[in-house]
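Architecture at a glance
The residues making up each chain are set out below.
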Amino acid sequence: MAFQDEVADLCQACCDLAKGITIQTVRKAVVGVERKVPLYDGRQVTYVNLDNAATTPPLESVLKCSQMFLEWYGSVHRGSGLKAQISTHAFERCREVVADFIGADLAYHTVIFTQNATHALNKVAMHLAPQPDKVILTTVMEHHSNMLPWRKLGCEVHYVRVDPATGQLDMADLEDHVRRYAGRIAVVAVTGASNVTGVLPPIRRIARLAHEAGAQMVLDATQLIPHRSFKMGAPDDPERIDFVAFSGHKMYAPFGAGVLAGPQAAFEDRDPDYVGGGTVKAVTMDDVHWAPLPEKEEAGTPNVLGCLAIGCVIKVLESIGMDNLAEHERALTRRAIEKLRRIEGLTLYGLADPEVREDRLGVITMNARDLSHGKLAAILGNEWGLGVRNGCFCAQPYVRELLGITDAQMRGIVERLAAGDHATVPGMLRLSFGVYNTPDEVDYAVEALQAVLAHGPRATYILDRQHMEYVPETPTVCIHDLLPI
Ligand SMILES: Cc1ncc(COP(=O)(O)O)c(C=O)c1O
């Protein structure tokens, strides 16, 4: 069989695995949802994962497709053997699938595979690196990965305020910033969705303002892409997104690949940020000719398996339909908020409308009156088998705003954070839903929170000062016994 046919067969097999997965059947297609875990007292329960904003479990079809592909695994862009050629073609096919999914036009845009969203955001920041007299506009609600890369560039960075009551971006403040720094704004860098409150900033309106100000619009779409349909927009659309960054592992595609897409022109007349193998056409002892895009920006051997996983997942998401997925997650969110807000002693942050009239993601943060977020998370994990996250979620400035922490309080907190204490400093507990979560799982989490807030913990917890987390005084589980290697 000609290798083109082999690739076509492989792609067809991957598409067939995805085809037919619907919002009703997707749970069966997720790896590990029936996993039993031991509790502090030795009982076993089915693990309930409500930590999808951190990372998502893989899809069965991704694993199967990866396994089929591994028969053909070889060196991308470098070998003449059939396996190398198939690997190269599969890798490039994934790029087309990604481009199609996010509405990138490969005649105008380049889709660069990265390690993750953080890598992608660092890369775009380094490439855009404006002159020192320019201004970067970003927001208080950003994940550190869309905040710190901009600070490194040496130009002024200004942060648009949020409303601490709702967690939403203060659009009047954004407009004010645009007026104040007119003519100097090079980049507007905003999240597509908050990993703390699930707030969805009005990205099209922001993009229009950015373009009217002559700036480029960078979107951290890490939380948006797995939950809402998204298109970059045509190059002449005033509401287009110029650059978009996201990670595979938050969209059911583990194995460590991410994406940065943007106009080719932004990368063309510049040296790549990372240099070495794969980035060049020719090298002499004193000269170098760079490879064309996107290879120029993908230094070293690429992560073909990670990229394949993203391609496979996109096929599944398309089969489910992003609107069906969004509606399912909205229903879970409605259910959760409606029940959580009735729990005595529980404070919810951000948008708390039980009818979810304003669209938002299924990311819900909270605090209990009499228990720290660190201890509450430990109780839910050890006594209920619930996977949640606590702390500041790599968005410390935003969490600080939502919690109303003063400058004076912050100084002490920074010292403790710098010492590695993420468990006893102020923070929050977060539940975050994925496409495979069920109403029963939401109810289970609500029941657990209700019981813990009403009756307290069943076990005694101590603070493990080495890892700064709460653990049962007499643990029944030895993590080391469960490790795969
Ligand atoms: C909004 C947002 N941006 C960026 C990131 C960074 O993603 P990664 O760790 O995959 O690079 C995260 C991770 O939580 C996120 O939630």
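Everything here concerns the structure above.
Throughout this description, residue numbers start from 1 for each chain and increase along the sequence as written. The predicted nature of this model means local features are confined to residues of pLDDT at least 70 and side-chain atom pairs, given and counted, to a pLDDT of 80 or more, with totals for whole chains, interfaces and linings taken over all residues. Excluded from the side-chain calculations are hydrogens and water; all other atoms, namely the structure's heavy atoms, are used.

In this section: the sheet that holds strand β7 (residues 185-191). One open sheet accounts for 7 strands, arranged β4-β10-β9-β8-β7-β5-β6; its pairing is mixed. Every other strand in the sheet has two partners, leaving β4 (109-114) and β6 (156-160) as the edge strands with one partner each. Within the sheet, the average angular offset between the axes of one strand and its neighbour, ignoring direction, is 15°. With respect to the sheet, helix α3 (residues 82-102) is in contact with β4, β9 (243-247) and β10 (258-263), its orientation differing from that of β4 by roughly 120°. Paired strands, as defined in this entry, are two strands with at least two bridges between them according to DSSP. The numbering of helices and of strands both runs from the N terminus, where a helix is a DSSP run of H or I of at least 4 residues and a strand a run of E of at least 2. Axis definition: a line fit to C-alpha positions, over the contact stretch in the case of helices; interaxial angles, taken between N-to-C directions, run 0 to 180 degrees. The criterion used for residue contact is that any of the two residues' heavy atoms lie within 4.5 Å.

Turning our eyes to something else, we now look at the sheet that holds strand β16 (residues 389-391). Taken in spatial order, the 4 strands line up as β13-β14-β17-β16 in an open sheet, and their pairing is antiparallel. For this open sheet the edge positions go to β13 (346-348) and β16, each flanked by a neighbour on one side alone. Ignoring strand direction, the axes of neighbouring strands in this sheet form an average angle of 30°. Here helix α11 (residues 373-384) sits on the sheet in contact with β14 (363-368), β16 and β17 (428-432), set at roughly 40° to β17.

The next point concerns the pattern of salt bridges. Within this document, salt bridges are pairs made up of a side-chain nitrogen of Lys or Arg and a carboxyl oxygen of Asp or Glu, the two lying within 4 Å of each other. In this structure the tally under the stated criterion is 30 salt bridges. For Asp242, the salt bridge identified is with Arg240, shortest N-O distance 2.9 Å. Just as Asp242 is buried, Arg240 falls in that class too. We note a salt bridge from Arg330 to Glu327, for which the minimum N-O separation is 3.0 Å. One end of the pair is Arg330 and the other is Glu327, both in helix α10 (residues 322-340) and 3 residues apart, which spans about a single turn. Among the ionic contacts, a cluster of salt bridges with common partners joins Arg228, Glu327, Arg330, Arg334 and Asp359. Exposed residues in this analysis have more than 50% of their type's maximum accessible area, buried residues have under 20%, and partly exposed residues fall in between, with area computed by a 1.4 Å probe over protein chains only.

Let us look at the packing of α11 against helix α14 (residues 439-455). Viewed as axis vectors pointing N to C, α11 and α14 meet at an angle of 115°, and their least axial separation amounts to 11 Å. Here α11 and α14 pass one another in a crossing that is right-handed. Taken together, the residues of α14 that come into contact with α11 (itself represented by Leu376, Ile379, Leu380 and Trp384) are Tyr444, Glu447, Ala448, Leu449, Ala451, Val452 and Leu453. The nonpolar class holds Ala, Val, Leu, Ile, Met, Phe, Trp, Tyr, Cys and Pro. Asp, Glu, Lys and Arg form the charged class, and all remaining residues, Gly among them, are polar. In terms of residue class, the contact of α11 with α14 is built from 10 nonpolar, no polar and 1 charged. Take the far helix as the reference: if the near one is turned anticlockwise from it by less than a right angle, the crossing is left-handed, and if turned clockwise, right-handed.

Time to look at the pairing of strand β18 (residues 461-464). Bridge count for β18 against strand β19 (residues 469-472) is 4 bridges, and the pairing is antiparallel. Within the sheet, the bridge partner assigned to Ile462 lies in β19 and is Val471. Connecting the antiparallel pair β18 and β19 is a turn made up of 4 residues, with Met468 showing a positive phi of about 50°.

Once that is clear, we can look at the packing of helix α6 (residues 171-180) against helix α7 (residues 203-212). Relative to each other, α6 and α7 sit at 10°, their axes nearing to 10 Å. In terms of axis orientation, α6 runs roughly parallel to α7. Like other packed secondary-structure pairs, α6 and α7 cross with a definite hand, here right-handed. Here Met171, Leu174, Glu175 and Val178 of α6 come into contact with α7, specifically with Arg205, Ile206 and Leu209. Split by residue class, the contact of α6 with α7 holds 5 nonpolar, no polar and 2 charged. By the definition adopted for this analysis, an angle is roughly parallel if under 35 degrees, roughly antiparallel if over 145, roughly perpendicular if from 65 to 115, and oblique otherwise.

Another aspect to go through is the site of the ligand. A cutoff of 4 Å decides nearness: a residue is near a molecule or strand if any of its heavy atoms lies inside that distance of it. In the vicinity of the ligand, 13 residues are found, and the nearest of them are Thr118, Asp220, Gln223, Ser247 and Lys250. For the purposes of these results, a polar contact is taken to be a pair of N or O atoms within 3.5 Å, where, inside protein, one atom must be able to donate a hydrogen and its partner to accept one; residues adjacent in sequence count only when each atom of the pair is a side-chain atom. Measuring from a nitrogen atom of the ligand, one finds a side-chain N or O atom of Asp220 at 2.6 Å. Between Ser247 and the ligand, the recorded distance is 2.5 Å, taken from a side-chain N or O atom to an oxygen atom. Residue-level accessible areas treat just the shown protein chains as cover; the underlying method is Shrake-Rupley with a 1.4 Å probe. Relative to its free-state accessible area of 390 Å², the ligand is covered by the protein chains to the extent of 89%. Classifying every residue of the shell around the ligand gives 1 nonpolar, 10 polar and 2 charged.

Turning our attention to the packing of aromatic side chains. A pair of Phe, Tyr and Trp rings is counted when the ring centres sit within 6.5 Å of each other, with Trp represented by its six-membered ring. The angle between the planes then sorts it: under 30 degrees is stacked, over 60 is edge-to-face, the rest tilted. What the rule picks out here adds up to 5 aromatic pairs. For the pair Phe243 and Phe267, a centre-to-centre distance of 6.1 Å together with 70° between the ring planes defines the contact as edge-to-face. Note that Phe243 is positioned in strand β9 and Phe267 in helix α8 (residues 265-268), a separation of 24 residues in sequence. By relative accessible area, which is 0% here, Phe267 ends up buried.

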